[in-house]
Amino acid sequence: MPTQRQLFLQHLAQTSDFPLALEIERAEGIYMYDAAGKRYADLISGIGVSNVGHRHPRVVAAIHDQVDKYMHLMVYGEYIQSPQVRLAKMLADLLPAGINNVYLTNSGTEAVEGALKLAKRYTGRTGLVTFRDTYHGSTHGALSVMGNEHFKNAFRPLLPDVQILEYNVTSELQRITPQTAAVIVESVQGEAGYQTPCTPWMQALRARCSEVGALLIVDEIQTGMGRTGKMFGFEHYGIVPDIVTLAKGLGGGLPIGAFAAPAEIMGAFKSKPILGHITTFGGNPVCAAAACAVVEVLSEGDLLAAVPAKHALLLELLQHPAIDRVTGKGLMLAVDLRHFGFNKAVIDRCLEAGVITDWFLFNDRSLRLAPPLTITPEELRLHLQTIVACIDAEWQARGKSHGIWP
Ligand SMILES: Cc1ncc(COP(=O)(O)O)c(C=O)c1O
């Protein structure tokens, strides 16, 4: 009789030869439990998803409630489905005035596809601008605006007219021109290792887009839903985007994404041709009901208000000579450990000790920390102690140096 692990390796498509292959049986709050009953603290929230923790009771109740009413009825946008309507209204209320129209998708990459198409359709232009080391998803359009040649080159030809600028460099903004349909930017660069831009640069970017009539798409897929301590990351910079993309934390563990824009812009999907973006499952009512519960939990509670103190606590706890620097905002922190080999060894030690961390797609020397916003200060202290102990054990094992792997 083959084991689950054997079946996993044999039949489930792999995208690397070294999947983590943890066999988790259940998850609750910040913890996951494997088949042998071992407990893991999930300090990356399943990569930025479980912002309200795993199986938040309000999310689970909303799912049960909706499953008892209906699941799929019709392709997106035709019937009035109350979870979709409620979610759109809640998001419109949270977003800046004017961003009042929401298109619900299945995933982050689909939200990005929709946003790019909308910008091209609304402006009648084709140029797209993105930034070095930015990640917006893995489908062809999103891949086209990825700021990393290594991961996209093998899939060319991709979309034409894409320019990659340096992030947070003001002189680069002149390359945004009247031919530019849209600029897509993250309010904290996720896969680059939580790099934060400065406020004057974000404001100059906003001003340059307005000057040349390009739409500013802010990708809040990883930074949104409270991750940085604000509901949306762009709120830190005093700017208002034209289009906002969301996913990951939005569904509280179920797959849903969204892109939001003023109704006047979104209206471009209605004609020449009609049905400018089509999706069968986008905004699935069960997922939308879960998302409504997430938005309620994040809007009512003190989860967001507690983020700055937890951020400060993390910085206080992350002290060790092996740490070069810590970057990021709110509860998305990158701990720079200088070398991939050292970082990987620390991540493995943490896993062994029951704490889940990770590295970043475009920055493998930094350790990723993005715990659920529901984590308590006591839990943070407990698990950060483990992480620092793992850093120290690796540091001692290498004669108090980072060494070069292997
Ligand atoms: C900033 C950003 N945009 C888009 C995506 C793509 O989202 P998804 O994996 O749901 O397609 C991600 C996923 O990591 C992301 O971090």
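To keep things clear, this report deals only with the structure shown in the data block.

Procedures and definitions
Residues numbered from 1 in each chain as written. Predicted model: local features only at pLDDT ≥ 70, side-chain atom pairs only at ≥ 80, totals over all residues. Heavy atoms only, no water. Salt bridge = Lys/Arg side-chain N within 4 Å of Asp/Glu carboxyl O. Helix = DSSP H or I, 4+ residues; strand = E, 2+ residues; numbered from the N terminus. Buried < 20%, exposed > 50% of the residue type's maximum accessible area, 1.4 Å probe, protein only. Phe/Tyr/Trp six-rings, centres within 6.5 Å; stacked < 30°, edge-to-face > 60°. Lys NZ or Arg CZ within 6 Å of the ring centre and 35° of its normal. Pairing = 2+ DSSP bridges. Expected span 1.5 Å × (residues − 1). Polar contact = N/O pair within 3.5 Å; in protein donor to acceptor, adjacent residues only side chain to side chain. Axes fitted to C-alpha atoms, helices over the stretch in contact; angles between N-to-C directions. Parallel < 35°, antiparallel > 145°, perpendicular 65-115°, else oblique. Left-handed = near helix turned anticlockwise from the far one by under 90°. Contact = heavy atoms within 4.5 Å. Nonpolar A, V, L, I, M, F, W, Y, C, P; charged D, E, K, R; others polar. Near = heavy atom within 4 Å. Areas by Shrake-Rupley, 256 points an atom, 1.4 Å probe, with all protein chains shown as cover. Disulfide = S-S within 2.5 Å.

### Details of the pattern of salt bridges
Argument step 1. What the rule picks out here adds up to 18 salt bridges.
Argument step 2. The partner of Arg 338 in a salt bridge is Asp 324, with the nearest N and O atoms 3.3 Å apart. Of the two residues, Arg 338 sits in the loop between strand E12 (332–336) and helix H12 (340–352) while Asp 324 sits in the loop between helix H11 (307–317) and strand E11 (325–329), which places them 14 residues apart along the sequence.
Argument step 3. According to the relative accessible area criterion, Asp 324 is partly exposed, its value standing at 36%.
Argument step 4. The structure contains a network of salt bridges with shared partners spanning Arg 58, Arg 86, Glu 296 and Glu 300.

### Considerations on the packing of aromatic side chains
The geometry of two aromatic rings is summed up by the distance between their centres and the angle between their planes.
Argument step 1. Across all of its chains, the model carries twelve aromatic pairs by this definition.
Argument step 2. Here the aromatic rings of Tyr 103 and Phe 259 are separated by 5.0 Å at their centres, their planes lie at 15 degrees, and the arrangement is stacked. Taken together, the positions of Tyr 103 in strand E4 (residues 101–105) and Phe 259 in strand E10 (residues 257–261) put the pair 156 residues apart, joining distant regions of the chain. For the pair Tyr 103 and Phe 259, one class covers both residues: buried.
Argument step 3. Ring centres of Phe 340 and Trp 359 lie 5.0 Å apart, and the angle between their planes is 90 degrees; on these two criteria the pair is classed as edge-to-face. A residue pair is termed long-range when its members are at least 10 positions apart, and Phe 340 in helix H12 and Trp 359 in strand E14 (residues 358–360) qualify at 19 residues.
Argument step 4. Among the aromatic residues, those joined into a cluster by ring pairs are Tyr 76, Tyr 103, Phe 259 and Phe 269.
Argument step 5. Geometry around Tyr 31 places Arg 39 over its ring, the cationic atom sitting 3.9 Å from the centre.

### With respect to the sheet that holds strand E1 (residues 24–28)
Argument step 1. Taken in spatial order, the four strands make up an open sheet running E1-E2-E3-E13, and their pairing is mixed. With partners counted over all chains shown, the strands left at the sheet margins are E1 and strand E13 (355–356), one partner each.
Argument step 2. Inspection of the sheet shows strand E2 (residues 31–34) paired to strand E3 (residues 39–42) by three bridges, in the antiparallel sense. Note that in E3 the partner of Tyr 33 across the bridge is Arg 39.

### Regarding unusual backbone geometry
Of all residues except glycine, most have a negative phi; of all peptide bonds, most are trans.
Argument step 1. A cis amide bond links Arg 156 to the next residue, Pro 157, at an omega of 5 degrees.
Argument step 2. As for its position among the elements, Pro 157 is in the loop between helix H7 (149–152) and strand E6 (162–165).
Argument step 3. Along the chain, Lys 272 connects to Pro 273 via a cis peptide bond; the corresponding omega equals 0 degrees.
Argument step 4. Mapped onto the fold, Pro 273 is located in the loop between helix H9 (263–266) and helix H10 (285–300).
Argument step 5. Backbone geometry at Met 225 places phi at a positive 55 degrees, although glycine is not the residue there.

### Considerations on helix H5 (residues 108–123)
Argument step 1. Taking 1.5 Å of rise per residue, the 16 residues of H5 would be expected to cover 22 Å, and the 23 Å separating its terminal C-alpha atoms lies within 8% of that figure.
Argument step 2. Every buried residue of H5 is accounted for by Gly 108, Thr 109, Glu 110, Ala 111, Val 112, Glu 113, Gly 114, Ala 115, Leu 116, Leu 118 and Ala 119.
Argument step 3. Capping the start of H5, Ser 107 holds a side-chain oxygen 3.2 Å from the backbone nitrogen of Glu 110, two or three residues further along.
Argument step 4. Gly 124 lies just past H5 and shows a positive phi near 70 degrees.

### Side note on the packing of H11 against helix H13 (residues 377–397)
Argument step 1. Look at H11 against H13: their axes get within 10 Å of each other, and the N-to-C directions meet at 25 degrees. Judged by the angle between their axes, H11 and H13 are roughly parallel. As H11 runs across H13, the sense of the crossing is right-handed. Seen from H11, the contacting residues are Lys 310, Leu 313, Leu 314, Glu 316 and Leu 317; seen from H13, they are Pro 377, Leu 380, Arg 381, Leu 384 and Val 388.
Argument step 2. Taken together, the residues that form the contact of H11 with H13 break down as seven nonpolar, no polar and three charged.

### Comments concerning the site of the ligand
Argument step 1. Close contacts around the ligand come from Ser 107, Gly 108, Thr 109, Tyr 135, His 136, Gly 137, Glu 186, Asp 219, Ile 221, Gln 222 and Lys 248, and that covers them all.
Argument step 2. Interatomic distance of 3.5 Å between a backbone N/O atom of Tyr 135 and a nitrogen atom of the ligand.
Argument step 3. Bound to the protein, the ligand loses 82% of the 390 Å² it would expose on its own.
Argument step 4. In terms of residue class, the shell around the ligand is made up of two nonpolar, six polar and three charged.

### Quick look at the environment of Leu 303
Argument step 1. Among the structural elements, Leu 303 can be located in the loop between H10 and H11.
Argument step 2. Using a relative accessible area of 16% as the deciding quantity, one classes Leu 303 as buried.
Argument step 3. Spatially, the C-alpha atoms of Leu 303 and Leu 118 are 33 Å apart, while their sequence positions differ by 185 residues.
Argument step 4. Excluding residues that lie within four positions of it along the chain, Leu 303 makes contacts with Val 52, Val 297, Leu 298, Leu 373 and Thr 374.

### Remarks on the side chain of Asp 336
Argument step 1. Turning to its location among the elements, Asp 336 is positioned in strand E12.
Argument step 2. A polar side-chain atom of Asp 336 sits 2.9 Å from the main-chain amide nitrogen of Arg 338.
Argument step 3. When neighbours within four sequence positions are excluded, Asp 336 is seen to be in contact with Ala 322, Ile 323, Asp 324, Arg 325, Arg 365 and Ser 366.

### Overview of the side chain of Gln 189
Argument step 1. By secondary structure assignment, the location of Gln 189 is in the loop between strand E7 (180–186) and helix H8 (199–212).
Argument step 2. Judged by its relative accessible area of 4%, Gln 189 is buried.
Argument step 3. A polar atom in the side chain of Gln 189 sits 2.9 Å from the backbone oxygen of Arg 132.

### A few points about the state of the cysteines
Argument step 1. Applying the stated criterion across every chain, the model contains zero disulfides.
Argument step 2. Here Cys 209 stays free of any disulfide, with the sulfur of Cys 198 as its closest cysteine sulfur at 15 Å.
Argument step 3. Looking at Cys 209, the relative accessible area reads 0%, which means it is buried.
Argument step 4. Here Cys 350 stays free of any disulfide, with the sulfur of Cys 390 as its closest cysteine sulfur at 4.0 Å.
Argument step 5. With relative accessibility at 0%, the residue Cys 350 sits in the buried group.

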